[in-house]
Amino acid sequence: MPLLFKCVECGEYTLEERRCPRCGGAVRNPHPAKYSPLDKYGAYRRAAKKRARASDAVENRQSSLKGQRRPM
Ligand SMILES: [Zn+2]
């Protein structure tokens, strides 16, 4: 089955892979990413989210320590 593309400019659906035949605008794949209940990359996604949250917490703690006296 040939892939359907959608024009970014005018929203026309087309089978052309390069340019919209109506307005000559760029086309893109309108289909969402394939969904899998197995979520093959879920562990990586969750690890990245956890890492981002942890670095946020460190930054917040460092900024809240500013202006306080540090223990010797
Ligand atoms: Zn178009």
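The present account deals with the structure reproduced in this document. Remember, it's a predicted structure, so these values are computed and weren't measured experimentally.

### Quick notes on the overall build of the protein
Okay, so step 1: Counting secondary structure elements, the protein contains one helix and three strands.
Okay, so step 2: In sequence order, the protein lays out its α and β elements as β-β-β-α.
Okay, so step 3: Scored against the burial criterion, the 72 residues of the protein give a buried share of 6%.
Okay, so step 4: Of the contacts formed within the protein by residues at least 6 apart in sequence, a portion of 10% connects residues at least 24 apart.

### What to know about the sheet that holds strand β2 (residues 13-14)
Okay, so step 1: What the three strands build is an open sheet, ordered β2-β1-β3; its pairing is antiparallel. Where the open sheet ends on each side, the last strands, each with one partner, are β2 and β3 (27-28).
Okay, so step 2: The pairing of strand β1 (residues 5-7) with β2 spans two bridges and is classified as antiparallel. Residue Phe5 lies in a different strand from β2, and its bridge partner there is Thr14.

### Side note on unusual backbone geometry
Okay, so step 1: Although it is not a glycine, Asp39 adopts a positive phi angle of roughly 50°.
Okay, so step 2: With respect to the helices and strands, the residue Asp39 is situated in the loop between β3 and α1 (42-65).

### Points about the environment of Lys6
Okay, so step 1: Here Lys6 lies in strand β1.
Okay, so step 2: It is 9.0 Å that separates the C-alpha atoms of Lys6 and Glu16, two residues lying ten residues apart in sequence.
Okay, so step 3: Setting aside chain neighbours within four positions, we find Lys6 in contact with Gly11, Tyr13, Val27, Arg28 and Pro30.

### Details of the environment of Tyr13
Okay, so step 1: Here Tyr13 lies in strand β2.
Okay, so step 2: Taking the C-alpha atoms as reference points, Tyr13 and Pro30, 17 residues apart in sequence, are found 8.8 Å from one another.
Okay, so step 3: With residues up to four places along the chain from it excluded, the contact list for Tyr13 reads Leu4 and Lys6.

Rules used in this analysis
Residues numbered from 1 in each chain as written. Predicted model: local features only at pLDDT ≥ 70, side-chain atom pairs only at ≥ 80, totals over all residues. Helix = DSSP H or I, 4+ residues; strand = E, 2+ residues; numbered from the N terminus. Buried ≥ 20, exposed ≤ 12 C-beta atoms within 10 Å, placed from the backbone. Contact = placed C-beta atoms within 7 Å. Pairing = 2+ DSSP bridges.

Shape descriptors only; they carry no functional weight alone.
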